[in-house]
Amino acid sequence: MNTAGHPEATARRGLELTPFRGLRYDPDRVGSLAAVTSPPYDVVVRPDGVHHLQDADPHNIVRLILPQAPTPSARNERASDTLRRWFDEGVLTADPEPGLYVYEQRHDDGTLQRGIIGALRVSDPSEGVVLPHEDVMPHVVADRAALMRATSANLEPLLLTYRGNGSAAATSEVVERAADRPPLLSTTTEDGFSHRLWSVTDPSDVARIQSELADHQALIADGHHRWATYRRLRTEHPSPSPWDYGLVLLVDTTRYPLRVRAIHRLLHGLPVADALAAVGGLFRVRRLDASLPAALEALADAACAGNAFLLAGDGTFHLLDRPDPDLLARTIPADRPAAWRTLDATVLHATLLDHVWHIPEDSPAHIAYIHDTAATVAKAERDGGTAVLLHPVREEVVRDLARQGVTMPRKSTSFGPKPASGLVLRALDL
């Protein structure tokens, strides 16, 4: 059985989304659907988060996206064996016919997001169809590629956004009509989000969605490393093949605007006192004896006037702002647009990490990238390192830079809500 539809190439104007046979958990074979889901692999705070998810259910998707074993090859082999075993045992089953999937996330705070999950034709940035906005780390791409090779599966969808035509668009009409039907699955995860999934198999509905999306380009909101992995794996397999496509969630942000949050840095082996000593005279430094929410408000206020960062890890907070203009002139590359040169992430990487603290940004031994603010602070305090908290950048800045072909420093943004992993998978060779 092959669960990965891959039609012959057609005239390509824009996004080419294709149906596939989703691989989903049989709810009768697991404790609950919520117990087998996980945040995306790079949001899970390891090792605590992995252990928590593993304990939630023996079939939690984290055993596939973050397999645990002594060596990388053993980890990937374990994930492959686990996926195959779960399929053979009926824990995971393939839907009877190919389709696209309408996916909804809802929260009591008023958040509502709906989009389409499908297999998207993989393209290079030069084609201007899928726009990256961040650089990637080669070792992460290599790690994800090895896992996908071993499992022959897209285990979790990327989050892509596009600017559609609002509620009048064909895709929106299909999405809203599907949401009025009983879903394939419905569950609420421990973060308070409810998740619902519907299949779209009617050929006319699929064709209407495909026709509309063919006129659009998309921005990678979350999943740069996995998209780079899709591109690498596509080159390893003669076309046409299932590897020409990758699993994505497409959200029309004119209809459902996403939240944009910052991704914070944890600097291993750099105590806060040493970080502050190196910064002396180059930034204004103010100690804040405040709670985390109050400190983040102070950061937001300072960020309105220019580059600002919040350091933590010694039991309090330190606000860095007003960098020395001469320092920025010496350390920030001048061959990029002004919007890029003034990004907090640019100043953090080019000025603070490279020039002031001398920390390699691509070394896991020196730096970690963490989405959760409180977790970043807690780990810094526990490990004796420095947490660097950032203020989020606006989505329009991200999109404008991406359209210019300018990538931001890696892990500059965190768009959300992110799709839960474990609700639908795409197998390529089952």
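The rules behind these values
Residues numbered from 1 in each chain as written. Predicted model: local features only at pLDDT ≥ 70, side-chain atom pairs only at ≥ 80, totals over all residues. Heavy atoms only, no water. Helix = DSSP H or I, 4+ residues; strand = E, 2+ residues; numbered from the N terminus. Axes fitted to C-alpha atoms, helices over the stretch in contact; angles between N-to-C directions. Parallel < 35°, antiparallel > 145°, perpendicular 65-115°, else oblique. Left-handed = near helix turned anticlockwise from the far one by under 90°. Contact = heavy atoms within 4.5 Å. Buried < 20%, exposed > 50% of the residue type's maximum accessible area, 1.4 Å probe, protein only. Arc of directions from axis to C-beta. Expected span 1.5 Å × (residues − 1). Phe/Tyr/Trp six-rings, centres within 6.5 Å; stacked < 30°, edge-to-face > 60°. Polar contact = N/O pair within 3.5 Å; in protein donor to acceptor, adjacent residues only side chain to side chain. Pairing = 2+ DSSP bridges. Core = buried A, V, L, I, M, F, W, Y, C linked by side-chain atoms within 4.5 Å.

**Q** What's the story with unusual backbone geometry in this structure? I'm lost.
**A** With the exception of glycine, most residues fall at negative phi, and the peptide bonds are largely trans. Looking along the chain, the bond that leaves Ser239 and enters Pro240 is cis, with omega of 0 degrees. Within the element layout of this structure, Pro240 appears in the loop between α7 (224-235) and β12 (245-252). At Ser152, a position not held by glycine, the phi torsion is positive, near 50 degrees. For Ser152, the position within the fold is in the loop between α4 (138-151) and β7 (153-154).

**Q** Looking at this structure, how should I read the packing of α4 against α7?
**A** Angle between the axes and distance between the axes are the two parameters that describe a pair of packed helices. In contact at an axis separation of 9 Å, α4 and α7 are set at 60 degrees when each is read in the N-to-C sense. Classed by the angle they form, the pair α4 and α7 counts as oblique. Where α4 crosses over α7, the handedness of that crossing is right-handed. Across the interface between the two elements, Val140, Val141, Ala142, Arg144, Ala145, Met148 and Arg149 of α4 pack against His225, Arg226, Ala228, Thr229, Tyr230, Arg232 and Leu233 of α7.

**Q** So what exactly am I meant to see when it comes to the environment of Val356 here?
**A** Looking at the element boundaries, Val356 is found in helix α12 (residues 344-356). Look at Val356 and you get buried, because its relative accessible area is 11%. Between the C-alpha atom of Val356 and that of Val279, which follows or precedes it by 77 residues, the distance is 6.8 Å. Residues in contact with Val356, not counting those within four places in the same chain, are Ala278, Val279, Leu282 and Thr351.

**Q** I keep staring at helix α6 (residues 203-213) and nothing clicks. Help me out?
**A** Each full turn of the α-helix corresponds to 3.6 residues, which orients residues three or four apart in the same direction. Within the span of α6, buried status applies to Asp205, Val206, Ile209, Glu212 and Leu213. Projection of α6 onto a plane perpendicular to its axis shows the buried side chains occupying an angular sector of 135 degrees, all on one side.

**Q** I tried to follow α12 on my own but got confused; where do I start?
**A** Compared with the 18 Å implied by 1.5 Å per residue over 13 residues, the 15 Å span of α12 between its first and last C-alpha is markedly short. For α12, the tally of buried residues reaches 11 of 13 residues, placing the bulk of the element in the interior. Of all the residues in α12, the buried ones are Asp344, Ala345, Thr346, Val347, Leu348, His349, Ala350, Thr351, Leu352, Leu353 and Val356.

**Q** Explanation requested: the packing of aromatic side chains in the structure shown.
**A** For any pair of aromatic rings, the description rests on two quantities: the centre-to-centre distance and the angle between the ring planes. On inspection of all chains with the given rule, the structure shows four aromatic pairs. With centroids separated by 6.1 Å and ring planes inclined at 50 degrees, the aromatic side chains of Tyr25 and Trp86 adopt a geometry described as tilted. Placement of the pair is Tyr25 in strand β2 (residues 23-25) and Trp86 in helix α3 (residues 72-89), with a sequence separation of 61 residues. Trp86 shares its class with Tyr25; the two are buried. Ring centres of Phe283 and Phe309 lie 6.3 Å apart, and the angle between their planes is 65 degrees; on these two criteria the pair is classed as edge-to-face.

**Q** Any chance you could explain the side chain of Arg24 here in plain terms?
**A** As for its position among the elements, Arg24 is in strand β2. The class of Arg24 is buried, set by a relative accessible area of 13%. One polar contact links Arg24 to Asp95, side chain to side chain, over a distance of 2.9 Å. If we ignore the near neighbours within four places in the chain, the residues touching Arg24 are Val91, Leu92, Thr93, Asp95, Leu184, Leu185, Leu197, Leu423 and Val424.

**Q** Explain the sheet that holds strand β19 (residues 386-389) to me, please; I cannot follow it from the model alone.
**A** Two pairing modes exist for strands in a sheet, parallel and antiparallel, and in both the strands are linked by backbone hydrogen bonds. On the basis of which strands lie adjacent, the open sheet formed by six strands has the order β15-β17-β16-β19-β14-β18 and antiparallel pairing. Every other strand in the sheet has two partners, leaving β15 (284-288) and β18 (367-370) as the edge strands with one partner each. The average angle at which neighbouring strand axes cross in this sheet is 25 degrees, direction not considered. Relative to strand β17 (residues 317-321), β15 runs antiparallel, the two sharing five bridges.

**Q** Would you take a moment to explain the nonpolar core for this structure?
**A** In terms of nonpolar packing, the biggest core is built from 115 residues, with Tyr25, Ile117, Trp227, Leu250, Phe309 and Trp357 touching the most fellow members. Considering every element that reaches this core, the biggest residue donor is α12, with six residues. Ignoring sequence-local partners within four residues, the contact set of Trp227 consists of Leu120, Arg121, Val122, Ser123, Val130, Leu158, Ile220 and Val248. Judged by nonpolar contacts, the second largest core, of 18 residues, contains Leu288, Leu319, Ala368 and Val377.

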